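Coordinates in review
Chain residues, written in single-letter form:
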Amino acid sequence: MNLGPALDENRPRFKIPESVLVVIHTPDLQVLMLERADRPGFWQSVTGSKDCQDEPLSLTAAREVCEETGLVADAPGLALRDWGLANHYEIYPVWRHRYAPGVTHNVEHVFGLTVPEAGPVQLAPREHLQYRWLPWREAADLCFSPSNAEAILQLPRFVAVPAQESAP
């Protein structure tokens with residue numbers, strides 16, 4: 001995963017404090033949960049930061065889904081949707097070293113990715129140890145991140161509303 005642009009090769013590369021959270025789910029509300037490799041026991045949805053300031057959020061979401069699960073967001077039968085939600089939160093101190101000095105907050109944009117069924121995924125071993133498909137309430141309970149849990153609890157609302165992207 002690219003951690004953002006650097007001015008030269010000798011300077012550290014910092015994460016951009018604007019990210020995506022992608023809740024991958026089936027139409028019957030099974031949710032894909034991933035266990036973090038750097039924090040065993042911490043479960044989450046797909047997350048990741050922009051690679052550059054002008055990267056469109058939908059591209060960030062699709063790229064992170066592919067990197068972390070091997071799923072291609074625009075493949076037939078899959079539907080990536082921007083939920084129009086943004087979480088503003090303080091970055092956990094344990095992860096602040098990934099950001100430029102003085103950066104303490106992140107803006108996380110929430111997306112959903114509908115897949116036809118709960119199936120196998122190809123994990124990025126440096127990022128995740130294992131995965132589980134769980135009913136949405138159980139998935140929310142498993143999340144270590146409150147914003148991730150809240151996004152999953154919003155899932156029935158977004159599945160019930162048809163996507164507007166295909167409207168003329």
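Residues numbered from 1 in each chain as written. Predicted model: local features only at pLDDT ≥ 70, side-chain atom pairs only at ≥ 80, totals over all residues. Heavy atoms only, no water.

Quick look at the packing of aromatic side chains now. Overall, the coordinates contain five aromatic pairs when judged by the stated rule. Plain terms: the ring middles of F42 and F144 are 4.7 Å apart, the flat faces sit at 40° to each other, and that makes the pair tilted. Remark: F144 occurs in the loop between helix 2 (136-142) and helix 3 (146-153) and F42 occurs in the loop between strand 2 (30-36) and strand 3 (43-44); sequence separation between them is 102 residues. Relative to F158, the ring of W83 lies with its centre 4.3 Å away and its plane at 5°, an arrangement referred to as stacked. Taken as a pair, W83 in strand 5 (residues 79-90) and F158 in helix 4 (residues 155-160) lie far apart in primary sequence, 75 residues in all. Looking at W83, the relative accessible area reads 7%, which means it is buried. Put simply, the rings of F42, Y92, W95 and F144 touch in pairs and so form one group of aromatic residues. Lying across the ring of W43, R132 places its NZ or CZ 4.3 Å from the centre. (Phe/Tyr/Trp six-rings, centres within 6.5 Å; stacked < 30°, edge-to-face > 60°. Helix = DSSP H or I, 4+ residues; strand = E, 2+ residues; numbered from the N terminus. Buried < 20%, exposed > 50% of the residue type's maximum accessible area, 1.4 Å probe, protein only. Lys NZ or Arg CZ within 6 Å of the ring centre and 35° of its normal.)

What follows covers the pattern of salt bridges. By the definition in use, this model includes eight salt bridges. Of the charged contacts, one joins R36 and D38 as a salt bridge, the two residues approaching to 2.8 Å between their closest N and O atoms. Residue R36 is classed as buried on the basis of its relative accessible area, which comes to 11%. When its relative accessible area of 30% is taken as the criterion, D38 is described as partly exposed. Salt-bridge contacts for E55 lead to R63; the nearest nitrogen and oxygen are separated by 3.0 Å. Both residues of the pair, E55 and R63, count as buried. Sharing partners across several salt bridges, the network here consists of D51, E55, R63, E64 and E67. (Salt bridge = Lys/Arg side-chain N within 4 Å of Asp/Glu carboxyl O.)

Before going further, it helps to examine the nonpolar core. By size, the foremost hydrophobic cluster in this structure holds 18 residues, and its most contacted members are V31, M33, W83 and I152. Listed by contribution, the elements that provide at least two residues to this core are strand 1 (18-25), strand 2, helix 2, helix 3 and helix 4. Discounting chain neighbours no more than four positions away, the residues touching I152 are V23, V31, M33, S45, W136, A139, A140 and C143. The next biggest cluster of nonpolar side chains, apart from the first, holds 17 residues, and it includes V22, V65, L78 and L113. (Core = buried A, V, L, I, M, F, W, Y, C linked by side-chain atoms within 4.5 Å. Contact = heavy atoms within 4.5 Å.)

In this section: helix 1 (residues 57-69). The end-to-end C-alpha distance of helix 1 is 18 Å, a good match for the 18 Å that 13 residues give at a rise of 1.5 Å each. Here helix 1 has its buried residues at T60, A61, R63, E64, V65, E68 and T69. Those residues of helix 1 that are buried lie in contact with strand 1, strand 2, strand 4 (46-49), strand 5, strand 6 (105-114) and strand 7 (128-135). Positive backbone phi, at 80°, marks G70, one or two positions downstream of helix 1. (Expected span 1.5 Å × (residues − 1).)

Keep in mind these numbers describe shape, not what the thing actually does.
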